[in-house]
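Results of the structural survey
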Amino acid sequence: MILQMNPFISSPLLSSYRLNPFLFSKRQRYLKLSQWHFSRITKPRFFAVAAAENDMLPKTFDFTSEERIYNWWESQGYFKPSFERGSDSFVISMPPPNVTGSLHMGHAMFVTLEDIMVRYHRMKGRPTLWLPGTDHAGIATQLVVEKMLASEGIKRVDLSRDEFTKRVWEWKEKYGGTITSQIKRLGASCDWTRERFTLDEQLSRAVIEAFIRLHEKGLIYQGSYMVNWSPYLQTAVSDLEVEYSEEPGTLYYIKYRVAGGSRSDFLTIATTRPETLFGDVAIAVNPQDDRYSKYIGRMAIVPMTYGRHVPIISDKYVDKEFGTGVLKISPGHDHNDYLLARKLGLPILNVMNKDGTLNEVAGLYSGLDRFEARKKLWSDLEETGLAVKKEPHILRVPRSQRGGEVIEPLVSKQWFVTMEPLAEKALRAVEKGELTIMPERFEKIYNHWLSNIKDWCISRQLWWGHRIPVWYIVGKDCEEEYIVARNADEALEKAREKYGKNVEIYQDPDVLDTWFSSALWPFSTLGWPDVSNDDFKRFYPTTMLETGHDILFFWVARMVMMGIEFTGTVPFSYVYLHGLIKDSQGRKMSKTLGNVIDPIDTIKEFGTDALRFSLALGTAGQDLNLSTERLTSNKAFTNKLWNAGKFILQNLPSQSDISAWETIMAYKFDDEEFLRGAHLPECWVVSKLHMLIDTVTASYDKFFFGDVGREAYDFFWSDFADWYIEASKSRLYHSGHDSDALQAQAVLLYVFEIILKLLHPFMPFVTEELWQALPNRNEALMVSSWPQTSLPRHLSSIKRFENLQALTRAIRNARAEYSVEPAKRISASIVANKEVIQYISKEKEVLALLSRLDLLNVHFTESPPGDATQSVHLVASEGLEAYLPLADMVDISAEVQRLSKRLSKMQSEYDGLVARLNSPKFVEKAPKDIVRGVQEKAAEAEEKINLTKNRLAFLKSTVLVTK
């Protein structure tokens, strides 16, 4: 049994429901037994409806109680893994949000989905660990602190490195917890006692260890290569930190004279960045382009460089159709040119300083900002006659995700990881089924990226982050002579062994890419490299990695590679990728569009449960359009759930009725015997519930959360609230049998309990509040057992109740069609065969209640009644019909007059439409869509006229028969 009655029955203090006190008072005071008083809302009977003097629950669920509930869960230790019911752990490492961050809908999405998984598996009895933490976010955090210092009139360079990092740590301690507290607002049941930060001592030790091991294997090297360079931040940035935007720009056409040729011998190139021409090392044309074949092998003169010559070469890479079909090759400032130059063995010439100004290679333009140089250069080209023209052009501009500035492709000396051997193992993991990616279509993207992987630039020119564990020897070449060590003491010891005791060393000033430490997250957070750590032994490898599909390459794939490399095991068995949150029109949320929906504001207005339910109804990997309408609808769902709970609580037996409670607790819903003896509505709803448990559990296990939400929503709203609760009122308020009422009360309680369990992972706050308000709660809902599957169900009873539903709908529709007053009770003759009559007639009270029938004038028969010709005939389903005497439903004479007037008006409108359609002037000159609209209106009007005529004829015939 779900309800544990023994302590309830044996205790002399039976007059109290066992309620968790935290639910009913913000001051968390205990409810004394004497506080409970009950009154009966029906005639005095022993199963009297229990109701508190001041209602047991407030009118609506109070969203402000969410924080109180959350704090109670956490104080009870429910978020920690428990091995009491099993040993097969379910483990998720939370994607660490930036320590600088504040909650956005992307965070809300991953928190919701991961908490659903965690709460479900916790209820299934698995030791569940959801390990939270934050990322130090090198660039983002350094930017924030630099801005804070600027407000104090201080520049970063005014401080020493140690002084600056001290200020960053002070900022982190003061403001770094904002994102964590906001994540808690979403109901995240993480084990906060295990919270990690990527710059924690343990995680920093893991980062250094990983660097050293990769270097020892020859997988980390130093070299000068093309990177994304941020002139403002003066650091390399990852591909993920570069956002491309379509922006209006200019295409400049410039003459390059052919050396040794006449004035007419020149090539015109088209470029969007003329200032990079100082870095040109060649001019390329397509070998199939007849316009320029005569120049291949000759030399071109680079404008404004005092006659510097570059070769004119041919390569099929050149697009004949773009611009003029002539390409300037500037390998120091363009990714594609860089690859082409390396293929052809061309030199690389850099014309730009780290701050975005031009260097001495640019001659007279040296020291100018890149954009200032562009303007001056074009002006000078116009003066010298080398400027052909300029025209508007849409550019794909790379901008820094953090600072918004234009990123500059630049060749720079950096540290790199050789990725190919690591990628091969990660590819095999998916191929061998050791890693499952959901949705499956992302496997192709994963495989494609790893099959074409490039070496990873892991160094950043920042002060905040994991310092690269490399030390150089004073007076030696940095690229040839360096020491890799775990700390400065070890580095000095190694250096002395090799260079003597008087050697001087200094550490590489760069830090590691934030993604390097993030790639170690699943195992560094569990104690690696200490593989004897209890958490590492118990919880690694983890079970699930859930994140957005947009970081499949930058984070997920790297974790897989590093996990296999350092632990020999794939770090998680499943990868679940969610889509992006967009607005109701499918647009990306942005401050520019003004369509950003703030999660905290949303929680205040709609409640956490409504937000979570809205986010969870999406499909894995697909973007979700979030609208106020969707949130409003799911807030209504929360209210519906709350109201159902209030109804059930108000309709439970009196607290002092021991006999009633013994009867209720004696029902065994997991026994086939119950279904055989239950009334049709009770058998139907319990059977449907047992089927729901199976389908919902299967959907949870497959991570089909959208299906779970829809299935549970439909059952609760359509089956339980709209049908069974309404049907139960016939037992509670109108039945003459005490046993019928007790059965209904037991079923209401049982079904509602299960509904709360099934919905709890989605809507933790309202379900917990309602759960604790139910009688005899011995534990929190979040740690209660998941419902048992494969429970008995009667398919025949489901079909029979569906017939009763069809009959009820048919009668309701007829009442609406004839505008019968809602409170008016009407007569009905139900016609069916013996078998159908047998089970339908047993539910006469339910049918009368749901259909507003006069209970004393509901008749069951195998043939049509004598007054069939004066009745509305309804066919509910095959073999089940109803006849509703028309005189019971309407004043026939008044209805004839009303319909006659209505028919006259409809006929006039129809004639007007036909007249327009018969006018050649209208049909020939009016737009086609207007004509089509009039035709559709005419057809619709004609149909309504025919229906009204038929109803009038029927009413008039009824009047004649009556006379």
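Heads up: the structure comes first, above all this text.
This write-up is about the structure you can find in this document. These numbers were taken from a predicted model, which means no experiment stands behind them.

Another point: empty space enclosed by the protein. Scanning the entire structure with this criterion turns up three cavities of 30 Å³ or more. Its boundaries defined by the atoms lining it, the largest cavity holds a volume of some 70 Å³. Along its surface, the largest cavity is lined by 13 residues, and M109, L113, H578, G618 and T619 are the ones closest to its centre. Residue assignment for the lining of the largest cavity shows that the elements contributing at least two residues are α3 (105-123), β23 (572-578) and α18 (608-616). Its residues assigned to classes, the lining of the largest cavity comprises seven nonpolar, six polar and no charged. Looking at the second largest cavity, its volume works out to about 40 Å³. Every residue lining the second largest cavity is listed: G138, I139, E241, R460, L462, W464, V511, L512, D513 and T514. For the lining of the second largest cavity, the secondary structure elements donating two or more residues are α4 (138-151) and β21 (511-512).

Covered by surrounding structure in strand β9 (residues 282-285) are A282 and A284 together with I283 and V285, the residues of both alternating faces. Bridging between β9 and strand β12 (residues 326-329) involves four bridges; their strand directions are antiparallel. Paired with A284 across the strands is L327, a residue of β12. Bridging between β9 and strand β11 (residues 309-314) involves three bridges; their strand directions are parallel.

Moving on, we come to the pairing of strand β14 (residues 408-417). Counting buried residues in β14 gives nine out of 10 residues, a clear majority hidden from the surface. The pairing of strand β5 (residues 220-230) with β14 spans 10 bridges and is antiparallel. Directly across from Q222, in β14, lies its bridge partner W415. Pairing geometry for β14 and strand β16 (residues 456-457), over two bridges, is antiparallel.

On to helix α19 (residues 628-650), then. Taking 1.5 Å per residue, 23 residues should reach 33 Å; α19 reaches 33 Å between its end C-alpha atoms and fits that length. Three or more residues of α19 are buried, namely L631, N634, F637, T638, L641, W642, A644, G645, K646, F647, I648 and L649.

Next up on the list: unusual backbone geometry. Omega for the bond connecting M438 with P439 falls within 30 degrees of zero, at 0°, which places this linkage in the cis form. Residue position: P439 is located in the loop between β15 (436-438) and α11 (442-451). For Y306, which is not glycine, the phi torsion reads 60° and is therefore positive. Residue N776 is not a glycine yet carries a positive backbone phi of 60°. Within the secondary structure layout, N776 lies in the loop between α25 (764-773) and α26 (795-817).

The next thing to look at is the sheet that holds strand β26 (residues 826-832). Read across the sheet, four strands follow the order β27-β26-β29-β28 without closing on themselves; strand pairing throughout is mixed. Of all the strands in the sheet, just β27 (853-861) and β28 (871-877) have a single pairing partner and so form its edges. Across the sheet, the axes of successive neighbouring strands diverge by a mean angle of 25°, strand direction being ignored. As paired strands, β26 and strand β29 (residues 880-885) are joined by four bridges and run antiparallel to one another. Note on β29: the bridge partner recorded for I830 is A882. Along the sheet, α26 makes contact with β26, β27, β28 and β29, crossing β28 at roughly 150°. The strands that helix α27 (residues 834-842) touches are β26, β27 and β29; relative to β27, the one it contacts most, it runs at about 160°.

What follows deals with the packing of aromatic side chains. By the definition in use, this model includes 52 aromatic pairs. Plain terms: the ring middles of F669 and Y750 are 4.1 Å apart, the flat faces sit at 10° to each other, and that makes the pair stacked. One end of the pair, F669, is in the loop between α20 (658-666) and α21 (672-677); the other, Y750, is in helix α24 (residues 738-759), with 81 residues separating them in the sequence. Comparing F669 with Y750, the two get one shared label, buried. Note that K389 overlies the ring of Y253, its terminal NZ or CZ placed 4.6 Å from the centroid.

Before going further, it helps to examine the sheet that holds strand β6 (residues 235-237). The antiparallel open sheet is built from four strands, whose spatial order is β6-β5-β14-β16. Across the chains shown, the open sheet's two edge strands, defined by having one partner strand only, are β6 and β16.

Of all hydrophobic cores here, the largest spans 166 residues; its most connected members are F720, V751 and F752. Top element by residues in this core is α24. It accounts for 14 residues. When residues no more than four places from it in sequence are discounted, the contact partners of V751 are V685, V686, L689, F715 and F720. Among the nonpolar cores identified, the runner-up in size contains 63 residues, and A206, L240, W515 and A557 belong to it.

We now examine the packing of α19 against helix α23 (residues 705-734). Contact geometry for α19 and α23: axes closest at 11 Å, N-to-C directions at 25°. Taken together, α19 and α23 sit at an angle that is classed as roughly parallel. Along this stretch, α19 crosses α23, giving a crossing that reads as left-handed. Facing α19, whose interface residues are S633, N634, A636, F637, K640, L641, A644, F647 and I648, α23 presents Y713, F716, W717, F720, A721, D722, I725, S728, K729, L732 and Y733.

Rules of the game
Residues numbered from 1 in each chain as written. Predicted model: local features only at pLDDT ≥ 70, side-chain atom pairs only at ≥ 80, totals over all residues. Heavy atoms only, no water. 1 Å grid on protein atoms, 1.4 Å probe; cavity = no way out; pocket = protein on both sides within 12 Å on 5 of 7 lines; lining within 4 Å. Points joined across faces, edges and corners; volume = space filled by probe spheres on them. Helix = DSSP H or I, 4+ residues; strand = E, 2+ residues; numbered from the N terminus. Nonpolar A, V, L, I, M, F, W, Y, C, P; charged D, E, K, R; others polar. Buried < 20%, exposed > 50% of the residue type's maximum accessible area, 1.4 Å probe, protein only. Pairing = 2+ DSSP bridges. Expected span 1.5 Å × (residues − 1). Axes fitted to C-alpha atoms, helices over the stretch in contact; angles between N-to-C directions. Contact = heavy atoms within 4.5 Å. Phe/Tyr/Trp six-rings, centres within 6.5 Å; stacked < 30°, edge-to-face > 60°. Lys NZ or Arg CZ within 6 Å of the ring centre and 35° of its normal. Core = buried A, V, L, I, M, F, W, Y, C linked by side-chain atoms within 4.5 Å. Parallel < 35°, antiparallel > 145°, perpendicular 65-115°, else oblique. Left-handed = near helix turned anticlockwise from the far one by under 90°.

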